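These are the residues of each chain, in order.
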Amino acid sequence: MQVTSSSVLLIGDHNRTYTVKLACTEVSPELEEKSVNWLKKQLPRHTKVNLKPKGSVDGVLVAKVIPFDSNVDISEKYINEGLARGKC
């Protein structure tokens with residue numbers, strides 16, 4: 001698990017890595033840095049997550065990301081914190 005931007009994660013298992021875009025979120029440019037820092041705190045490296053795919057855009061998987069320890073989609077938390085807008 002690695003946060004690469006405010007809406008894109010790099011997720012891997014033992015032999016593959018996937019670029020995953022968070023589903024249903026849109027971050028304004030002025031909140032980019034704050035959003036990345038928040039995501040890194042919520043999803044530190046080696047965090048185990050479940051993915052619920054919603055589709056793909058330009059070869060990038062779009063999915064809901066749910067940490068094993070919470071059962072709450074990270075996008076919902078993100079929107080509730082005011083760091084992103086819901087777009088679904």
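Residues numbered from 1 in each chain as written. Predicted model: local features only at pLDDT ≥ 70, side-chain atom pairs only at ≥ 80, totals over all residues. Heavy atoms only, no water.

**Here's the deal with the pattern of salt bridges**
Under the definition given, this model contains three salt bridges. Here D73 and K64 are joined by a salt bridge, their closest N and O atoms 3.6 Å apart. (Salt bridge = Lys/Arg side-chain N within 4 Å of Asp/Glu carboxyl O.)

**Re the packing of aromatic side chains**
For the structure shown, the criterion picks out one aromatic pair. Taking 5.2 Å as the distance between ring centres and 15° as the angle between the ring planes, the aromatic pair formed by W38 and Y78 counts as stacked. Here the residue W38 occupies a position in helix α1 (residues 32–42), and Y78 occupies one in helix α2 (residues 74–80), the gap between them amounting to 40 residues. Judged by relative accessible area, which is 13%, W38 ranks as buried. (Phe/Tyr/Trp six-rings, centres within 6.5 Å; stacked < 30°, edge-to-face > 60°. Helix = DSSP H or I, 4+ residues; strand = E, 2+ residues; numbered from the N terminus. Buried < 20%, exposed > 50% of the residue type's maximum accessible area, 1.4 Å probe, protein only.)

**Quick word on the state of the cysteines**
Counted according to the given criterion, the structure contains one disulfide. A sulfur-sulfur separation of 1.8 Å characterises the disulfide bridge that pairs C24 with C88. Handedness here is read from the sign of the S-S torsion; for C24 and C88, about -85°, the answer is left-handed. Here C24, found in the loop between β3 (17–22) and β4 (25–26), pairs with C88, found in the segment after β7 (85–86); they are 64 residues apart in sequence, far enough to count as distant. With relative accessibility at 78%, the residue C88 sits in the exposed group. (Disulfide = S-S within 2.5 Å.)

Limitation: the analysis is restricted to geometry and does not speak to function.
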